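# Tertiary structure, described
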Amino acid sequence: MKNQTVLITGGTAGIGFALAQHLVHNGAHVVITGRDPERLANATQRLGCAGYLADSTQLTQIQALAGDLQRDQIKLDGLVLNAGVFFPEALATTREAAFDLTFNTNTKGPFFTLQALLPCLKNPASVVFVSSIAVHKAFPGAAVYAASKAAFEAIVRVANLELAPSGIRINSVRPGVTATEIQGKAGMSSEAQAAFYETLKATPFGRVMSPEDQVGAIEFLLSGHSLPLRNAVIEVDGGLLL
Ligand SMILES: NC(=O)c1ccc[n+]([C@@H]2O[C@H](COP(=O)([O-])OP(=O)(O)OC[C@H]3O[C@@H](n4cnc5c(N)ncnc54)[C@H](OP(=O)(O)O)[C@@H]3O)[C@@H](O)[C@H]2O)c1
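Source: prediction; values computed, not measured.

Let's shift gears to the side chain of Arg-174. Tracing the backbone shows Arg-174 in strand β6 (residues 168-175). We classify Arg-174 as buried; its relative accessible area is 12%. Polar contacts involving the side chain of Arg-174 include one to the side chain of Glu-153, which spans 2.8 Å. If we skip the residues at most four places from it in the chain, Arg-174 touches Ser-131, Ser-132, Ile-133, Val-135, His-136, Glu-153, Val-233, Ile-234, Glu-235 and Val-236.

Attention now moves to the pattern of salt bridges. Inspection of every chain in the model, using the stated rule, returns nine salt bridges. A salt bridge links Glu-153 to Arg-174, with the nearest nitrogen and oxygen atoms 2.8 Å apart. Within this pair, whereas Glu-153 is found in helix α5 (residues 143-162), its partner Arg-174 is found in strand β6, the two being separated by 21 residues in sequence. Of the two residues, Glu-153 and Arg-174, neither departs from the other in class, the shared state being buried. With a closest N to O distance of 2.8 Å, Arg-174 and Glu-235 form a salt bridge.

On to unusual backbone geometry. The omega angle of the peptide bond from Asn-123 to Pro-124 is 5°, so this bond is cis rather than trans. Along the chain, Pro-124 turns up in strand β5 (residues 121-130). For Asn-3, which is not a glycine, the phi torsion comes out positive at approximately 65°. Tracing the chain through its elements places Asn-3 in the segment before β1 (5-8). In the Ramachandran plot, Gln-73 falls in the positive-phi region, its phi being about 55° despite a non-glycine side chain. Here Gln-73 shows up in the loop between α3 (59-71) and β4 (76-81). A residue is classified by how much of its surface remains accessible, and Gln-73, at 71% relative accessible area, is exposed.

In this section: the layout of surface pockets. Think of a ball as big as a water molecule: rolled over the atoms, this probe shows where empty space is left. When its volume is computed, the largest pocket comes out at roughly 1200 Å³. Of all elements in the fold, only α1 (14-25), β2 (29-34), α3, α4 (96-117), α5 and α6 (181-185) reach the threshold of two or more residues within the lining of the largest pocket. Its residues assigned to classes, the lining of the largest pocket comprises 24 nonpolar, 19 polar and seven charged. Computed from the structure, the second largest pocket encloses a volume of approximately 170 Å³. Looking at the lining of the second largest pocket, the elements that each hand over two or more residues are α4 and α5. Looking at the lining of the second largest pocket element by element, the count peaks at four residues for α5. Of the residues that constitute the lining of the second largest pocket, the class distribution is seven nonpolar, one polar and one charged.

The rules behind the values
The residue numbers shown here count from 1 along each chain, following its written sequence. Selection of residues for local features in this predicted model requires a pLDDT of at least 70, selection of side-chain atom pairs for listing and counting requires 80 or more, and totals for whole chains, interfaces and linings are taken over all residues. Heavy atoms from the whole structure form the basis of all side-chain values; hydrogens and water molecules are not counted. Every helix listed is a DSSP run of H or I at least four residues long, and every strand listed is a run of E at least two residues long, numbered separately from the N terminus. The buried label applies to any residue whose accessible area, calculated with a 1.4 Å probe on protein chains only, is under 20% of its type's maximum; exposed applies above 50%, and partly exposed to all values in between. A 3.5 Å cut-off defines polar contacts: any pair of N or O atoms within that distance qualifies, except that in protein one atom must be a possible hydrogen donor and the other a possible acceptor, and neighbouring residues in sequence count only when both atoms are side-chain atoms. Whether two residues are in contact is decided by their heavy atoms: any pair within 4.5 Å suffices. A side-chain nitrogen of Lys or Arg and a carboxyl oxygen of Asp or Glu constitute a salt bridge if their distance falls within 4 Å. Think of a 1 Å grid over the protein atoms and nothing else: a 1.4 Å probe that fits but is trapped marks a cavity, an open set flanked by protein within 12 Å on at least five of seven lines marks a pocket, and residues with an atom within 4 Å of a point count as lining. Grid points are joined across faces, edges and corners, and a volume is the space filled by probe spheres set on the points. Here the nonpolar group is Ala, Val, Leu, Ile, Met, Phe, Trp, Tyr, Cys and Pro; Asp, Glu, Lys and Arg are the charged ones; every other residue, Gly included, is treated as polar.

Structural measurements only, silent on function.
Next comes the structure, spelled out in structure tokens:
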């Protein structure tokens, strides 16, 4: 990925941050986005990369991001649609606000980010969507989250045909349980997280995955090694689904 330019949405924490760190370390030009100015400034300083404020639920901010990239003459070899949220809640009690925020962040956000950044993508360019194994495996409390990821995977299928003439390919990674801030943001206490992670010792991988464990698959899909792939899905789940 040396000298390749890659934009990662939601690069302030977790998988996005770990990917940015790895790519910067390996000589890529990395641009991250974030929704919180302080967290973005902190992450870009730690990473030594560029950062743009763009809340992926806000279309005006997405359009401003596209304008800023064009103004700064940044052309992308890779785009990682990573920003996402998870609000676990049973179907019986899920409220409209949580439903809308999940779809606005996980489905509508990447859709309009991809649309707005089309003029910034090189030919060829690789787009990677960070989906979830929740598309494949039912977890109680994850109905809306799973649907939001499945919906964007459906968009990926169509977009691969529409965008092929522009040299754009889109593939997905479906992480399994990965120890990031997402569980805490979902309201899980650190004790509950530790107990949950303990159960993952029973998987073939033998432990909960770290954000760094997700990096290799995403890097492969960004790289020229995946040039013929379209709509591929790599499940990085430590064998949880076996
Ligand atoms: N961790 C897992 O077990 C797991 C499993 C399957 C799939 N995933 C997927 O992996 C992706 C990364 O999640 P993670 O586990 O690394 O979580 P994380 O540590 O919470 O990181 C999520 C990133 O997305 C950003 N973000 C959230 N909402 C945003 C918005 N509206 N606009 C812009 N940025 C936004 C966050 O910003 P802030 O720093 O401001 O919060 C953060 O940078 C997500 O799409 C998630 O669904 C995670």
